[in-house]
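# Residue-level structure breakdown
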Amino acid sequence: MPRTNGWPTRRCGHRFVRGAAAAVALLSGLAGLAACGGTSTDAYCGSVEDNQARLSKVLGDGGEAALIEALPIFRTLQAKAPDDIRPDWDTVVKRLSGLQKALATAGVDPKTYDAKTPPTGVSAVQRQAIAAAATALGSTATVAALDAVQQQARDVCHTPLSL
């Protein structure tokens, strides 16, 4: 087949363009499927549904330490979260993990820890780390992230998460 400047002639180029157009259409269709509830969203919503009752029980029964006790569930949801909600789950899990770590480092039980009267043996540095982690957990950014994951669960998965 004749070529001009290394490019196929019009006749050969027409087949190339038609093949490229078909490939672009196929890729666009696949991207559209993923954006409209593809397997990533389906897997996440399945996980939300599977964990809803357990999460409600942990949060309902857990008292002051409920969020920390729910952390393994949150990590499961974070791992399955689609890209659009993953940053919010990352924020929630990071802040809860920070508080859990600060409490564990101080050797205190999250269920019984009282910042006003901390147990003996908890140093000032440990109290400060716990307070900083608790403040980060209660920040507007964390509250907004919690609201976002709840809204996503309701709107996309049609499953309420009461956090």
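Keep in mind that what you see is a predicted model, and the values were worked out from it rather than measured.

### As for the packing of aromatic side chains
Counting across every chain of the model gives one aromatic pair. Seen in terms of ring centroids, Phe74 and Trp89 are 5.5 Å apart; in terms of plane orientation they differ by 45°. Their pairing is tilted. Pair noted here: Phe74 is in helix 4 (residues 71-80) and Trp89 is in helix 5 (residues 86-106), with a separation of 15 residues, a long-range link. Overall, Trp89 belongs to the buried group, its relative accessible area being 0%.

### Concerning the confidence of the model for the protein
Confidence in the prediction for the protein averages 80 pLDDT; 76% of positions are at 70 or higher. The secondary structure element of the protein with the lowest average pLDDT is helix 1 (residues 10-35), at 33, and the one with the highest is helix 5, at 97. Here residues 1-38 scores under 50 on pLDDT; set against residues more than four positions off or in separate chains, the count is eight contacts.

### Describing unusual backbone geometry
For His158, which is not glycine, the phi dihedral falls at a positive 60°. Within the secondary structure layout, His158 lies in the segment after helix 7 (140-155).

### Digging into the packing of helix 5 against helix 7
Contact pair helix 5 / helix 7: the axes reach a minimum separation of 8 Å and the direction vectors enclose 125°. Judged by the angle between their axes, helix 5 and helix 7 are oblique. For helix 5 against helix 7, the interelement crossing comes out left-handed. For the pair helix 5 and helix 7, the contacting residues are Asp88, Trp89, Thr91, Val92 and Arg95 in the first and Ala141, Thr142, Ala145, Leu146, Ala148 and Val149 in the second. Residue classes in the contact of helix 5 with helix 7 are distributed as seven nonpolar, two polar and two charged.

### So, the environment of Gly107
For Gly107, the location among the structural elements is in the loop between helix 5 and helix 6 (124-137). Overall, the relative accessible area of 64% leaves Gly107 in the exposed class.

### Quick notes on the layout of surface pockets
As a volume, the largest pocket reaches approximately 330 Å³. What lines the largest pocket is a set of 16 residues, and nearest its centre among them are Leu99, Leu103, Pro110, Tyr113 and Ala134. Contributions of two or more residues to the lining of the largest pocket are made by helix 3 (66-69), helix 5 and helix 6. Element by element, the count of residues in the lining of the largest pocket is highest for helix 6, at five residues.

### Considering the pattern of salt bridges
This structure, assessed with the given rule, holds two salt bridges. The residue Lys111 makes a salt bridge to Glu69 at a minimum N-O spacing of 3.5 Å. Of this pair, Lys111 sits in the loop between helix 5 and helix 6 while Glu69 sits in helix 3, placing them 42 residues apart in sequence. Of the residues examined, Glu69 reaches a relative accessible area of 33% and is grouped as partly exposed.

Criteria and thresholds
Residues numbered from 1 in each chain as written. Predicted model: local features only at pLDDT ≥ 70, side-chain atom pairs only at ≥ 80, totals over all residues. Heavy atoms only, no water. Phe/Tyr/Trp six-rings, centres within 6.5 Å; stacked < 30°, edge-to-face > 60°. Helix = DSSP H or I, 4+ residues; strand = E, 2+ residues; numbered from the N terminus. Buried < 20%, exposed > 50% of the residue type's maximum accessible area, 1.4 Å probe, protein only. pLDDT = per-residue confidence, 0-100. Contact = heavy atoms within 4.5 Å. Axes fitted to C-alpha atoms, helices over the stretch in contact; angles between N-to-C directions. Parallel < 35°, antiparallel > 145°, perpendicular 65-115°, else oblique. Left-handed = near helix turned anticlockwise from the far one by under 90°. Nonpolar A, V, L, I, M, F, W, Y, C, P; charged D, E, K, R; others polar. 1 Å grid on protein atoms, 1.4 Å probe; cavity = no way out; pocket = protein on both sides within 12 Å on 5 of 7 lines; lining within 4 Å. Points joined across faces, edges and corners; volume = space filled by probe spheres on them. Salt bridge = Lys/Arg side-chain N within 4 Å of Asp/Glu carboxyl O.

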